[in-house]
Amino acid sequence: MKLTSGGIFLKMILPLLAICYSTAFSQQYGLGFHGNEKNSDLRTSLILGDKKNISSNNDFEIDFKVKTDSHDNNFYGYIFRLIDADDNNIDLIFRSSTFQLIIDQQNFDLSDKSKIPIETEKWNNLKLKVDLISSEVCFYVNEVLLVKTKSTSKLANDFTLYFGQSHHPGFSYKDVAAMTVKDIKISSEGKLRHHWPLDQVSGSLTTDKKGNLNGKVLNPKWVRRKNFTWELVLDRDFDGIITTSYNSSENKLHLFSAFNHFLYNLEESSSNIETYKGEIPKITFGDTGISLKDKNGFVRVNKHQLFIYNTQERNFLPKVPEPDTLTEYWHHNTYIFPEDTAIATIGGYGMFKYKNSFQKYSLQTGIWEDLNMKGDIPAPRYLAGFGNSKGASTSYYIGGYGSDSGDQLITPKNYYDFYKIDWLNNSVSKVYTLPEPSEPFVFANNLILQESKERFLGIIFNQLKHNSELQLVQGSLLKPELIEIGEKLPFLFNDVRSTVNLFYNEIDKKLFLVLTLHDINLNSTNVKVYQISAPEETEAESPFAYIYLIPIFIIGLLIFLRIYFRRRNKVIPTLAATPSGSIDKEPIKQKELLISEQKSSVILFGEFQIINQNGKDLTRALSPLLKEIFVYILMHSLRWNKGVSTSKLDEMFWYDKSKASARNNRAVNIRKLKSVLEEVDGVSLIKKTGNLEIEYDESLACIDYAKFLKIALFESENTKDQIDQLSKIVQRGTLLPNQDFEWLDSFKSETSNKIIDKYLLYAETLSLTKDNAKEHIEIANNIFLFDPLDEIAMSMKCRAQHILGKHTLAKETYEKFIINYESLFNEKFGKTYQEILEE
């Protein structure tokens with residue numbers, strides 16, 4: 001068979017797409033269930049087969065993974081309830097660290113039958129097999145058959161499946177096991193029919209990857225969310241220069257400033273400040289914090305000095321003198337020998353020179369020496385990543401920026417090589433080199449090793465940009481692989497005046513990101529601390545994604561599309577295709593954007609943006625969490641005109657924290673949000689009648705969602721001027737299409753319905769003629785943005801294209817509509833093409 005150009009291209013890229021797709025599941029994922037620890041209104045429910053039952057033939061098999069929580073309230077609760085079309089049910093219950101299966105009112109207690117005890121906090125693979133011909137039911141735990149029985153009731157072919165809480169009439173219950181579920185698969189006659197990975201970050205719908213039968217979720221707790229978004233826990237300014245260290249055994253961050261010792265408890269989100277006694281220590285640039293087992297302090301490499309903080313004396317020993325020269329070892333890496341016997345430093349930058357020296361300070365003798373390392377010595381550099389094995393005799397060293405000669409003026413460059421350091425033998429061996437990326441990056445100072453899986457976690461960023469972004473990555477200890485994890489975090493990089501450190505607490509399984517930025521004009525240092533749940537070492541079940549191949553794929557796709565459309569001799573329109581699948585031959589005119597040159601602008605339709613009155617884009621000034629908080633308060637303020645209570649904010653964003661911790665987190669984020677909005681004329685965060693509310697002045701600021709509300713909800717008439725204003729709003733896209741917050745679904749649904757209703761009511765006032773046929777097409781295209789299967793819009797567009805003589809396009813619009821319709825609803829569309837034209 002002869003391949004077309006499109007077929008050849010697809011044949012080339014499908015292996016790459018397969019690699020990228022397979023790696024999408026290498027991160028921790030699943031749906032967490034709020035159980036009996038929450039009140040009944042907040043417990044989680046996953047409904048599969050709600051509007052349309054799950055159908056099977058002669059048999060079916062339900063296979064999924066579950067991990068139960070170990071807290072005190074989790075002693076009893078439902079895992080799932082299966083209800084068939086004849087109201088027969090099968091229940092699986094978690095009770096006292098084991099399972100109970102209930103069939104036909106018969107209780108199968110599995111506590112004595114399990115060959116291997118069910119382990120909480122670990123994944124267990126459960127499988128239910130039902131033979132509908134013989135009524136045989138089999139239940140497996142971790143591939144071990146525990147129940148084999150026959151149902152006295154004849155089970156039906158169709159059923160609904162409830163995980164967690166059930167609200168099914170006659171079969172409701174509120175007892176829910178606190179658990180996490182993932183990879184629900186349903187097979188029939190040996191073929192996979194449905195697969196719900198439960199790998200989302202947010203949302204109240206879960207996608208069926210195999211059978212197009214999406215599930216509904218109430219009160220979800222998505223696992224990937226806590227591994228996806230960095231949470232800001234501290235944002236504070238300190239006078240002068242500071243140095244930081246993290247003590248993992250205490251889970252405390254030590255910040256030594258010019259005037260005091262600031263101790264931050266990361267577990268409790270609490271702080272304590274100690275003012276120095278006696279002479280103020282002269283902390284300067286390049287002083288690098290260290291944490292020993294029972295001591296904290298910092299090292300000054302260029303002077304070969306170590307300063308340890310004495311908690312009783314509330315000062316350093318020895319005294320910290322005024323430095324007479326700048327350091328020559330900015331952004332070096334530090335290694336602490338086992339049992340705190342010595343400290344070693346690697347690399348650094350200063351005096352226009354990059355370093356690759358290994359220096360050692362003995363805590364027993366007080367002597368500094370240069371180590372003569374053997375093997376593959378790295379080129380001089382700074383801004384490299386460094387991590388230690390648990391045994392502490394082996395370290396790993398990756399990336400950085402420097403030059404082969406060490407001279408800053410002679411061909412400086414980024415390095416992507418990865419080294420293994422053996423401290424017992426003072427040797428270095430190169431393991432691999434990462435492929436050259438499309439955009440350069442360096443590493444934060446620390447790597448977190450996951451040795452059981454031969455991986456590491458690190459932070460990368462482009463050091464050539466001031467407005468840079470931090471990205472959590474996972475790499476291999478053996479081969480050149482790297483994947484990105486979670487969202488990017490905006491970051492201001494100012495070379496030697498900023499630091500990035502990544503820390504890990506093994507007990508809480510959390511990563512902490514500590515950022516410092518010194519303002520030379522104010523002589524103050526801003527410290528930000530973020531946290532995120534660490535990806536579990538046992539989660540990865542697929543190969544790593546080759547992120548370096550993505551640019552190649554994109555370039556190849558663009559080249560292919562250019563050649564393809566040239567050969568077809570078609571113009572690619574600005575908006576390539578309507579959701580119905582058809583492309584109009586004439587280019588679509590670019591409409592004016594809502595961004596005002598005179599006013600501040602907050603854009604929610606299409607890509608989220610905040611632009612102030614001077615045209616400055618402040619979007620990146622908001623972290624992902626801060627963005628969600630802002631949008632949450634803004635939309636409630638505009639839609640309901642009453643803002644949000646502080647207790648509601650705490651419940652929404654810090655439900656897993658104590659009241660004190662939630663209050664502290666809220667205060668930090670609200671202060672930061674107010675700081676950003678101070679740059680935006682006409683938009684401010686205020687407290688009104690006890691609620692936090694976004695207040696805006698229409699004469700100074702433009703908010704597209706407010707304009708939408710005015711047109712679609714608060715004005716009853718449907719004039720052409722209104723429709724034109726509405727089109728200017730929606731031409732940017734739907735409401736926050738890239739945000740999948742659970743609470744946002746109701747706003748999106750209302751917005752879509754109101755916009756469609758507005759267009760359809762206006763369209764009813766227009767008779768279809770050649771003169772206004774293009775307006776009909778534009779209205780239909782705008783409706784398709786919100787509902788690709790709106791029948792009236794399809795009919796309107798087909799008839800308008802037909803009256804303009806575009807018969808082929810009209811037929812394509814109809815055919816692609818019915819393909820999508822039949823794919824989604826699994827039934828034939830009820831009208832022929834000719835019937836549509838005759839309406």
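Refer to the structure above for everything that follows.
Small disclaimer: the values here were computed from a predicted structure and weren't measured.

A few words on the overall build of the protein. When you go through the protein residue by residue, the secondary structure sums to 13 helices and 50 strands. The buried share of the protein, reckoned over its 839 residues, is 53%. Of the roughly 38,800 Å² that the protein leaves accessible, carbon and sulfur atoms contribute 49%.

Quick look at the packing of helix H4 (residues 624-640) against helix H7 (residues 704-712) now. The interhelical angle for the contact between H4 and H7, taken along N-to-C directions, is 25°, at an axis separation of 10 Å. As the angle between them shows, H4 and H7 are arranged roughly parallel. By crossing handedness, the relation of H4 to H7 is classed as right-handed. Contact residues: Met 635, Leu 638 and Arg 639 in H4; Tyr 705, Ala 706 and Leu 709 in H7. Split into classes, the residues belonging to the contact of H4 with H7 amount to five nonpolar, no polar and one charged.

Counted by the stated rule, this structure contains 49 aromatic pairs. Aromatic pair Tyr 246 and Phe 503: ring centres 5.1 Å apart, planes at 25°, arrangement stacked. Remark: Phe 503 occurs in strand E42 (residues 498-505) and Tyr 246 occurs in strand E19 (residues 243-247); sequence separation between them is 257 residues. By relative accessible area, which is 9% here, Tyr 246 ends up buried. Since its relative accessible area comes to 13%, Phe 503 is described here as buried. Plain terms: the ring middles of Phe 608 and Phe 630 are 6.3 Å apart, the flat faces sit at 65° to each other, and that makes the pair edge-to-face. With Phe 608 in the loop between strand E45 (600-603) and strand E46 (609-611) and Phe 630 in helix H4, the pair connects residues that are 22 residues apart, well separated along the chain. Take Phe 608 and Phe 630: they sit in the same class, and that class is buried. One aromatic cluster in this structure is built from Phe 256, Tyr 276, Phe 298, Phe 307, Tyr 309 and Phe 316.

Looking now at the pattern of salt bridges. Considering all chains together, one arrives at 21 salt bridges under this definition. Here Arg 300 and Asp 287 are joined by a salt bridge, their closest N and O atoms 2.9 Å apart. You can see Arg 300 sitting in strand E24 (residues 296-300) and its partner Asp 287 sitting in the loop between strand E22 (270-275) and strand E23 (288-291), a full 13 residues away along the chain. On the accessibility criterion, Asp 287 (7% relative accessible area) is buried. Glu 506 serves as the salt-bridge partner of Lys 390, at 3.5 Å between the closest nitrogen and oxygen. Separated by 116 residues along the polypeptide, Lys 390 in the loop between strand E33 (385-388) and strand E34 (394-402) and Glu 506 in the loop between E42 and strand E43 (510-519) bring together distant segments of the chain. Note on Lys 390: relative accessible area 67%, which makes it exposed. Several salt bridges converge on common partners, so that one network encompasses Asp 63, Lys 127 and Glu 143.

With that settled, the discussion passes to the pairing of strand E12 (residues 158-164). Among the seven residues that make up E12, six are buried, leaving the element largely enclosed by the rest of the structure. Strand direction decides the pairing type here: strand E2 (residues 45-48) and E12, joined by four bridges, are antiparallel. Across the sheet, residue Ser 45 finds its bridge partner in E12, namely Gly 164. Of the strand pairs in this sheet, strand E3 (residues 54-55) and E12 are connected by two bridges, and their pairing is antiparallel. Across the sheet, Ser 55 pairs through a bridge with Asp 158, a residue of E12. Bridge analysis of strand E5 (residues 76-84) against E12 gives five bridges, and the strand direction is antiparallel. Counterpart to Asp 84 in the pairing with E12 is Phe 159.

Time to look at the side chain of Glu 775. The residue Glu 775 is located in helix H10 (residues 773-786) in this model. In terms of polar contacts, Glu 775 uses its side chain to reach the side chain of Tyr 762, at 2.9 Å. Once residues within four sequence positions are removed from consideration, Glu 775 is found in contact with Lys 720, Tyr 762 and Leu 766.

This paragraph deals with the nonpolar core. By size, the foremost hydrophobic cluster in this structure holds 74 residues, and its most contacted members are Leu 604, Phe 630, Met 635, Leu 649, Tyr 705 and Phe 708. Here Phe 630 is in contact with Val 602, Phe 608, Ile 610, Leu 622, Leu 673, Leu 677 and Ile 694, once residues within four sequence places are set aside.

Right, let's talk about the side chain of Gln 531 for a bit. As for its placement among the helices and strands, Gln 531 is situated in strand E44 (residues 524-533). Residue classification places Gln 531 among the buried positions, given a relative accessible area of 5%. What Gln 531 contacts, discounting residues up to four positions off in sequence, is Thr 229, Trp 230, Glu 231, Val 233, Lys 510, Leu 511, Phe 512 and Lys 657.

Here we come to the sheet that holds strand E48 (residues 683-688). Across the sheet, which stays open at both edges, the three strands sit in the order E47-E49-E48 with antiparallel pairing between neighbours. Because the sheet does not close on itself, it has two edges, and the strands there are strand E47 (644-645) and E48. Pairing analysis gives six bridges linking E48 to strand E49 (residues 691-696), with the strands arranged antiparallel. Bridged to Lys 687 within E49 is Leu 692. Along the sheet, helix H6 (residues 659-677) makes contact with E48 and E49, crossing E48 at roughly 140°.

What follows deals with the sheet that holds E46. In space, the three strands of this open sheet follow the order E46-E45-E50, with mixed pairing throughout. Each end of this open sheet is capped by a strand with a single partner; those strands are E46 and strand E50 (701-703). The sheet shows a mean angle of 5° between the axes of neighbouring strands, taken without regard to direction. Relative to E50, E45 is paired through three bridges, and the arrangement is parallel. Residue pairing in the sheet places Val 602 in a bridge with Ile 703 of E50. Relative to E50, H7 is tilted by about 65°, and along the sheet it contacts E45 and E50.

For H7, a buried count of seven out of nine residues is recorded, marking the element as mostly surrounded by other parts of the structure. Among the residues making up H7, those that are buried are Asp 704, Tyr 705, Ala 706, Phe 708, Leu 709, Ile 711 and Ala 712.

Attention shifts here to the environment of Asp 495. Tracing the backbone through its elements, the reader meets Asp 495 in the loop between strand E41 (482-492) and E42. Judged by relative accessible area, which is 26%, Asp 495 ranks as partly exposed. Here the alpha-carbon distance between Asp 495 and His 331, two residues 164 residues apart in the chain, equals 9.1 Å. Once you skip the residues sitting within four places of it in the chain, Asp 495 turns out to touch His 331 and Tyr 382.

What counts, and where the lines are drawn
- Residues numbered from 1 in each chain as written.
- Predicted model: local features only at pLDDT ≥ 70, side-chain atom pairs only at ≥ 80, totals over all residues.
- Heavy atoms only, no water.
- Helix = DSSP H or I, 4+ residues; strand = E, 2+ residues; numbered from the N terminus.
- Buried < 20%, exposed > 50% of the residue type's maximum accessible area, 1.4 Å probe, protein only.
- Areas by Shrake-Rupley, 256 points an atom, 1.4 Å probe, with all protein chains shown as cover.
- Axes fitted to C-alpha atoms, helices over the stretch in contact; angles between N-to-C directions.
- Parallel < 35°, antiparallel > 145°, perpendicular 65-115°, else oblique.
- Left-handed = near helix turned anticlockwise from the far one by under 90°.
- Contact = heavy atoms within 4.5 Å.
- Nonpolar A, V, L, I, M, F, W, Y, C, P; charged D, E, K, R; others polar.
- Phe/Tyr/Trp six-rings, centres within 6.5 Å; stacked < 30°, edge-to-face > 60°.
- Salt bridge = Lys/Arg side-chain N within 4 Å of Asp/Glu carboxyl O.
- Pairing = 2+ DSSP bridges.
- Polar contact = N/O pair within 3.5 Å; in protein donor to acceptor, adjacent residues only side chain to side chain.
- Core = buried A, V, L, I, M, F, W, Y, C linked by side-chain atoms within 4.5 Å.

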